[in-house]
Amino acid sequence: MTPAMHITADEVNCLVYAYLQDSGFQHSSFALRTESRLDLSPHAKTPIRRGELVDLLSKALLYTEVEAHWKLDASAAKCTASFSLLVPHVCSVRPPRRQHTPASISSPRSELFPTPHVNGTAHEGASVQKRKASPKVSVDTRAEKRIRTTEDVEMHLDDPAPKAGPSNAINHGTGQDEVMEVDNNNTFYREIDAPQDKHEPPDSPRIPKIEDPPNPVTLLQGHEAEVFGAAWNPAHPNLLATGSKDATVRIWTWEDVKANIRHHVPPDSPFSISPPESQYSRPGPHILRHQPKSDQPDITSLDWNADGTFLATGSYDRLLRIWRPSGEPYMSQVHHSGPIFSVQFSKTGKWLLSASLDGTACVWDVATRKLEMQFKVHTTGCLDVDWLDESTFATCSANRAIHLVSVSSKEAVRTFVGHTNEVNQVKFNKHKSILASCSDDCTARIWLSEAWTNSDGSMATADQDLNEAQSAEKYPAKFVLSGHTNSVGAIRWCPTGNGDTETLLATCSFDKTARLWDALRGTCLRVFAENTKPLFSITFSPEGRFVATGSEDGYLYIYNTATGNKVWRWPTAGPGAGPIYDVNWQKFGGQRLAMCMKSKIVGIVDTTRIPELMDEASS
């Protein structure tokens with residue numbers, strides 16, 4: 001009687017492990033060895049010749065051929081179609097394509113896991129230890145659990161298993177250091193980069209390798225709650241500030257990350273991040289701590305001054321703060337009685353403007369660190385501010401009004417009304433000739449400079465005793481940009497401000513779409529509708545060629561502004577990465593794009609690694 005055949009999962013794991021080793025996939029073979037406990041396998045010392053798995057699969061294909069052609073009918077007798085492991089066979093009489101088949105390599109191979117030797121004797125009891133994980137729970141019960149941290153160990157695939165303990169660098173015998181960094185606050189860096197080639201021994205099979213394009217996304221881990229906003233330093237483009245619900249702002253130095261970290265993450269697994277150990281002297285990003293997490297910790301706004309020497313932050317704790325790029329506090333003032341929703345330096349950096357839910361806007365003298373003036377212009381929360389010039393700024397509010405205010409006067413120079421719901425943002429274009437606003441009433445509105453200047457171009461004086469109806473009649477919006485079907489949460493002007501782009505305005509909405517408008521004509525030019533959930537943020541590339549959106553569905557989309565075509569999406573495969581609250585393109589250089597996510601992660605997109613963007617930019 002023929003003995004029964006059997007295949008165990010352990011045998012398959014051993015064969016796959018040997019194949020991964022032969023192919024140079026050291027990281028993958030290490031993961032398989034650890035997770036399937038191959039050190040404890042009864043086949044651990046069984047010699048497996050090189051190419052064994054491929055030979056067995058070839059024999060399986062031969063059996064498939066016999067199974068398909070055993071009847072030897074007309075189609076089978078003349079069949080020239082090849083057999084594949086993945087594609088079902090269909091008989092065909094077409095001439096086959098010529099394919100190169102590498103010669104079979106059957107050189108002997110040592111046992112699967114050779115017994116390690118220490119000083120010439122076998123080392124007993126060697127075993128691979130599992131990585132230990134200890135999840136941390138955020139103090140804020142509304143937040144999700146923190147991403148797990150791990151104690152990594154150094155592991156060479158053909159060396160004895162190490163004792164438990166930290167290791168500064170992980171090298172899996174690939175000729176490439178896999179280095180990541182952590183500071184004392186569990187701040188992790190991780191660069192997504194393609195693995196480097198290794199030097200193979202002379203008897204290794206010559207396996208063709210496909211060069212994948214480098215992954216363009218870098219993930220920075222360290223925040224312990226949702227990340228709400230990001231701001232690139234305008235003078236030092238390698239500095240990025242991010243603000244989170246964990247009551248911290250972190251200033252990341254890109255050069256340190258790029259120079260010291262290499263690790264490959266599949267593009268469809270954006271969060272497969274292994275925790276690192278400290279590798280070099282720099283402690284990591286500067287962590288700017290605000291109030292304790294239990295006291296309304298959300299960081300709501302970030303802004304650098306023009307020369308990049310100061311960073312202003314606003315938060316729910318009502319304190320206005322200014323920091324140096326080194327993380328050293330410069331100023332901390334409490335004057336607002338409600339959360340601060342927006343902060344913005346004037347162009348020269350002399351003034352700092354803050355807007356609060358207490359309905360007021362404050363102007364601060366940066367040099368003296370003192371309050372210059374507090375303007376009580378709104379009856380409800382002041383949601384956003386934007387400078388027109390060094391002495392005039394605009395404010396918007398939940399009371400549906402927009403005020404133009406002069407630093408030299410406590411009264412509003414102009415009041416613009418027309419929105420029928422909360423006004424979320426106000427923004428002047430580059431040349432300060434157009435003011436745009438967006439609202440929960442599903443519209444954006446446009447006011448031209450003629451509404452606040454005299455015929456000679458000078459700033460008009462304040463109107464006295466105009467009520468809301470009279471202001472609406474005297475200074476109506478030039479255009480009402482209608483088309484969105486839900487709240488319009490953010491607006492952005494094209495930053496180039498040249499020619500046709502001077503009046504190019506982008507809006508994003510909770511109706512899952514973004515739009516491009518010609519603000520001088522009041523017409524919609526493009527509608528972007530790839531996202532499946534509300535959009536939170538939109539940003540232009542510095543030259544205005546592209547626009548990017550961040551959405552609750554976890555997808556980042558980049559579009560060509562001239563054609564309206566979708567150019568790129570992240571994640572490129574698989575499900576979305578979780579809500580993206582903010583997207584921010586570098587103002588100078590424009591090679592990087594920051595994403596702020598609910599998953600506590602900051603994503604950096606290196607656009608020079610995206611062929612589609614390079615092709616579009618050169619066309």
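Residues numbered from 1 in each chain as written. Predicted model: local features only at pLDDT ≥ 70, side-chain atom pairs only at ≥ 80, totals over all residues. Heavy atoms only, no water.

Colleague: Would you take a moment to explain the packing of helix H1 (residues 9-23) against helix H2 (residues 26-35) for this structure?
Modeller: How two helices sit against one another is set out by the angle between their axes and by the gap between those axes. Between H1 and H2, the least distance of the axes is 8 Å, while the angle of their chain directions is 160 degrees. On the basis of the axis angle, H1 is roughly antiparallel to H2. Where H1 crosses over H2, the two elements pack in a sense that is left-handed. Residue-level contacts link Asn13, Val16, Tyr17, Leu20 and Gln21 of H1 to Gln26, Ser28, Ser29, Leu32 and Arg33 of H2. Tallied by class, residues from the contact of H1 with H2 come to four nonpolar, five polar and one charged. (Axes fitted to C-alpha atoms, helices over the stretch in contact; angles between N-to-C directions. Helix = DSSP H or I, 4+ residues; strand = E, 2+ residues; numbered from the N terminus. Parallel < 35°, antiparallel > 145°, perpendicular 65-115°, else oblique. Left-handed = near helix turned anticlockwise from the far one by under 90°. Contact = heavy atoms within 4.5 Å. Nonpolar A, V, L, I, M, F, W, Y, C, P; charged D, E, K, R; others polar.)

Colleague: What exactly am I supposed to notice about the side chain of threonine 248 here?
Modeller: Here threonine 248 is to be found in strand S9 (residues 248-253). What makes threonine 248 buried here is its relative accessible area of 4%. Within the structure, threonine 248 has its side chain in polar contact with the side chain of histidine 223 (distance 3.4 Å). Threonine 248 has contacts with His223, Thr242, Gly243, Ile287, Leu288, Arg289, His290 and Ile299, leaving out every residue within four places of it along the chain. (Buried < 20%, exposed > 50% of the residue type's maximum accessible area, 1.4 Å probe, protein only. Polar contact = N/O pair within 3.5 Å; in protein donor to acceptor, adjacent residues only side chain to side chain.)

Colleague: Help me out: how do you make sense of the pattern of salt bridges in this one?
Modeller: Oppositely charged side chains can pair when the atoms bearing their charge come close. With the rule as written, the count across this model stands at 10 salt bridges. Here arginine 49 makes a salt bridge to aspartate 55, at a shortest N to O gap of 2.4 Å. Judged by its relative accessible area of 28%, arginine 49 is partly exposed. For aspartate 518, the salt bridge is made with arginine 521, and the minimal N-O distance between the two is 2.6 Å. (Salt bridge = Lys/Arg side-chain N within 4 Å of Asp/Glu carboxyl O.)

Colleague: How do you make sense of H1 when you look at a structure like this?
Modeller: Think of an α-helix as turning once every 3.6 residues; residues three or four places apart then point the same way. Look at H1: 21 Å from first C-alpha to last across 15 residues, which is about the 21 Å you get at 1.5 Å a residue. Buried residues of H1: Asp10, Cys14, Leu15, Tyr17, Ala18, Leu20, Gln21, Asp22 and Ser23, and no others. Residues of H1 that are buried sit in contact with H2 and helix H3 (52-69). In the segment just after H1, glycine 24 is the residue with positive phi, at about 85 degrees. (Expected span 1.5 Å × (residues − 1).)

Colleague: Even after reading the chapter, I still don't get the environment of leucine 593, so can you show me in this structure?
Modeller: Along the polypeptide, leucine 593 turns up in strand S36 (residues 592-597). C-alpha separation for the pair leucine 593 and valine 217, spaced 376 residues apart in sequence, amounts to 9.4 Å.

Colleague: I would appreciate a short explanation of the sheet that holds strand S14 (residues 329-334) in the present structure.
Modeller: Where strands meet in a sheet, backbone hydrogen bonds hold them as pairs that are either parallel or antiparallel. Here four strands make up an open sheet; going across it, the order is S11-S12-S13-S14 and the pairing antiparallel. Looking at the sheet topology across the chains shown, the edges are occupied by strand S11 (299-304) and S14. Strand after strand, the sheet turns through a mean of 15 degrees between neighbouring axes, direction not considered. Pairing of S11 with strand S12 (residues 311-315) involves five bridges; the strand directions are antiparallel. Of the residues in S12, the one forming a bridge with aspartate 303 is alanine 312. (Pairing = 2+ DSSP bridges.)

Colleague: Before we go on, may I ask you to explain the nonpolar core in this structure?
Modeller: It is characteristic of soluble globular proteins that their nonpolar side chains tend to be buried jointly. Counting residues in hydrophobic clusters, the biggest one holds 20 residues, and the most contacted among them are Leu556, Trp568, Trp570 and Met595. For this core, the secondary-structure elements that each account for two or more residues are strand S6 (217-221), strand S32 (546-551), strand S33 (556-560), strand S34 (566-570), strand S35 (580-585), S36 and strand S37 (601-606). (Core = buried A, V, L, I, M, F, W, Y, C linked by side-chain atoms within 4.5 Å.)

Colleague: Help me understand the sheet that holds S9, please; the structure alone is not making it clear to me.
Modeller: The four strands are arranged S7-S8-S9-S10 in an open sheet whose pairing can be described as antiparallel. Both edges of this open sheet fall to strand S7 (227-232) and strand S10 (286-289), since each of them pairs with a single strand only. Sheet twist, expressed as the mean angle between neighbouring strand axes with direction ignored, is 20 degrees. Two elements, S7 and strand S8 (residues 239-244), share five bridges in a ladder whose sense is antiparallel. The residue of S8 that forms the bridge with valine 227 is serine 244.

Colleague: Which parts of the structure should I look at to understand the pairing of strand S23 (residues 423-428)?
Modeller: When a strand is regular, its side chains alternate between the sheet's two faces. Along S23, six of the six residues are buried, which leaves the element largely enclosed by surrounding structure. As judged from the five bridges shared by S23 and strand S24 (residues 434-439), these two strands associate in the antiparallel manner. Looking across to S24, one finds that valine 423 is bridged to serine 439.

Colleague: In this structure, what is going on with the packing of H1 against H3? I would like to understand it.
Modeller: Viewed as axis vectors pointing N to C, H1 and H3 meet at an angle of 120 degrees, and their least axial separation amounts to 8 Å. Between H1 and H3, the crossing angle belongs to the class labelled oblique. Packed against H1, whose contacting residues are Leu15, Val16 and Tyr19, the element H3 presents Glu52, Leu53, Val54 and Leu56 at the interface. When the residues that make up the contact of H1 with H3 are grouped by side-chain class, the tally is six nonpolar, no polar and one charged.

Colleague: Mind showing me how you'd approach unusual backbone geometry here?
Modeller: Trans is the prevailing form of peptide bonds, just as negative phi is the prevailing case for residues other than glycine. Proline 571 follows tryptophan 570 through a cis peptide bond whose omega is -5 degrees. The residue proline 571 is located in the loop between S34 and S35 in this model. Here the phi dihedral of arginine 318 falls at roughly 80 degrees; this positive angle occurs in a residue that is not glycine. Position of arginine 318 among the secondary structure elements: in the loop between S12 and strand S13 (319-323).

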